[in-house]
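Working through the structure, step by step
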Amino acid sequence: AREKSERTRMQELLELACQFFERQMTSSPKGQKAFSYLKGRGVSDESIAKWRIGWAPGKGNAVIEFLKTRGYQQSEVERSGLTVRNEGSVYDRFRSRIMFPVQDQNGSVIGFGGRIFGAKEKDPPAGGLAKYVNTPNTLLYDKSRALYGLDRAKVECRRQDSCLLVEGYMDAIMVSQAGFLNVVAVSGTALTQQHLNTLKRYSNNLTLSFDMDSAGDAATKRGIDLALSQGFSLNVVVMPQGKDPADVAQDAEQWEALVAQATSILDFF
């Protein structure tokens, strides 16, 4: 029972954090700049709302302080993956970042991905600013299991008997916005056995659309071999050089044409 209550409290904490980030996007000047940036990349107001995209302010402990006012202990915030510890101090893990909540297949928030935006200051403790930062593994979140967008795509994957697999949050959002609702993303990891076990419930037909740079890397090939060995039928959408699905899908017709020309994995390799 204690496990259940800890899980439930963590889910409620992450839901509150998600609402906090969503509000920051519209209520803070920097959040509004991030909103404009997303609009400039072709993301519609509707998609921003639907995918619950938010903004993490640059202040060192905005989320920690907010969650404390809602009755959570700092230790609970730490266990949820929202913080980092550096030389005895605890900071928000996500600062000056556009926030993409990751939901489980029932739609509960289990973690976040954050894309750096407009931050100049050095980010303690790392020094360099990583473009994307993800929640580490927690009681709820495991990147080798999580599939971004599955809660929205699962019905459509089953209905079409096909699942479109991309690599990033923006890719999933833009491809979905272009009318391909059966899209899910692996984020921050190659395709794993656990991902495949989950996808198998919905379809054996996978169409992969990966960044061409990573298409040849060992981890991607391993994921592909795993899928083939389990009887998945795999096609590949080949991207124009230097473009990712998020870029191409701004033009729904161009994206549709590329998907229509998807080639079998064996031809591709």
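Our structure's up above, just so we're on the same page.
First, a word on what this report is: a plain description of the structure on this page.

Rules used in this analysis
Residues numbered from 1 in each chain as written. Predicted model: local features only at pLDDT ≥ 70, side-chain atom pairs only at ≥ 80, totals over all residues. Heavy atoms only, no water. Helix = DSSP H or I, 4+ residues; strand = E, 2+ residues; numbered from the N terminus. Rg over C-alpha atoms; globule rule 2.2 N^0.38 Å. Buried < 20%, exposed > 50% of the residue type's maximum accessible area, 1.4 Å probe, protein only. Contact = heavy atoms within 4.5 Å. Areas by Shrake-Rupley, 256 points an atom, 1.4 Å probe, with all protein chains shown as cover. Arc of directions from axis to C-beta. Pairing = 2+ DSSP bridges. 1 Å grid on protein atoms, 1.4 Å probe; cavity = no way out; pocket = protein on both sides within 12 Å on 5 of 7 lines; lining within 4 Å. Points joined across faces, edges and corners; volume = space filled by probe spheres on them. Nonpolar A, V, L, I, M, F, W, Y, C, P; charged D, E, K, R; others polar. Core = buried A, V, L, I, M, F, W, Y, C linked by side-chain atoms within 4.5 Å.

**Focus on the overall build of the protein chain**
Each helix and strand in the protein chain was counted, giving 13 helices and 11 strands. For 269 residues, the compact-globule formula gives about 18 Å, and the C-alpha radius of gyration of the protein chain, at 19 Å, lands near that figure. Based on the C-alpha atoms only, the size of the protein chain along its principal axes is roughly 55 × 45 × 35 Å. Out of the 269 residues belonging to the protein chain, those deemed buried represent 49%. Considering only intrachain contacts with a sequence separation of at least 6, the fraction spanning at least 24 residues in the protein chain is 69%. By element, 48% of the accessible surface of the protein chain is carried by carbon and sulfur atoms, the whole surface being about 12,300 Å².

**So, the environment of Met-239**
Positionally, Met-239 belongs in the loop between strand S10 (233–236) and helix H11 (245–248). A residue is classified by how much of its surface remains accessible, and Met-239, at 4% relative accessible area, is buried. The sequence separation of Met-239 and Gln-261 amounts to 22 residues, and the corresponding C-alpha distance is 11 Å.

**So, helix H12 (residues 252–260)**
Among all positions of H12, only Trp-255, Leu-258 and Val-259 are buried. What you see down the axis of H12 is that its buried residues fit within an arc of 100°, all on one side. H12 presents Glu-253 and Ala-260 as exposed residues on the side facing more than 90 degrees away from its buried surface. Contacts made by the buried residues of H12 are with strand S7 (163–166), helix H7 (169–177), strand S9 (205–209) and H11.

**Focus: the sheet that holds strand S8 (residues 183–185)**
The strand order S8-S7-S9-S10-S11 describes an open sheet built from five strands, whose pairing is mixed. Sheet topology places S8 and strand S11 (263–264) at the edges, where each strand pairs with a single neighbour. Bridging between S7 and S9 involves four bridges; their strand directions are parallel. Residue Val-166 lies in a different strand from S9, and its bridge partner there is Ser-209.

**Thoughts on the pairing of strand S2 (residues 83–86)**
Bridging between S2 and strand S3 (residues 89–92) involves four bridges; their strand directions are antiparallel. Bridge assignment links Thr-83 to a residue of S3, and that residue is Asp-92. Linking S2 back to S3 in an antiparallel pair, the connection comprises two residues, with Glu-87 at a positive phi of about 45°.

**Description of the layout of surface pockets**
Its boundaries defined by the atoms lining it, the largest pocket holds a volume of some 510 Å³. Put simply, the parts of the chain that give the lining of the largest pocket at least two residues each are strand S6 (132–134), H7, helix H10 (218–229) and H11. Looking at the lining of the largest pocket, the element that brings in the most residues is H7, giving three residues. For the lining of the largest pocket, the per-class residue count stands at 10 nonpolar, seven polar and seven charged. Estimated volume of the second largest pocket: approximately 390 Å³. Breaking the lining of the second largest pocket down by element, the ones donating at least two residues are helix H1 (2–27) and helix H8 (193–200). With three residues, H8 is the largest single contributor of residues to the lining of the second largest pocket. For the lining of the second largest pocket, the class distribution of residues is seven nonpolar, seven polar and five charged.

**Considering the nonpolar core**
Within the largest apolar cluster, 60 residues are counted, with the highest numbers of intra-cluster contacts made by Phe-21, Ile-53, Leu-67, Leu-82, Phe-112, Tyr-148 and Trp-255. Take this core: its biggest share by element is nine residues, from H1. Beyond its immediate chain neighbours, meaning those up to four positions away, Leu-67 contacts Leu-13, Leu-16, Ala-17, Tyr-72, Val-77 and Leu-82. Counting residues in hydrophobic clusters, the runner-up holds 21 residues, among them Ala-153, Leu-199, Tyr-202 and Phe-232.

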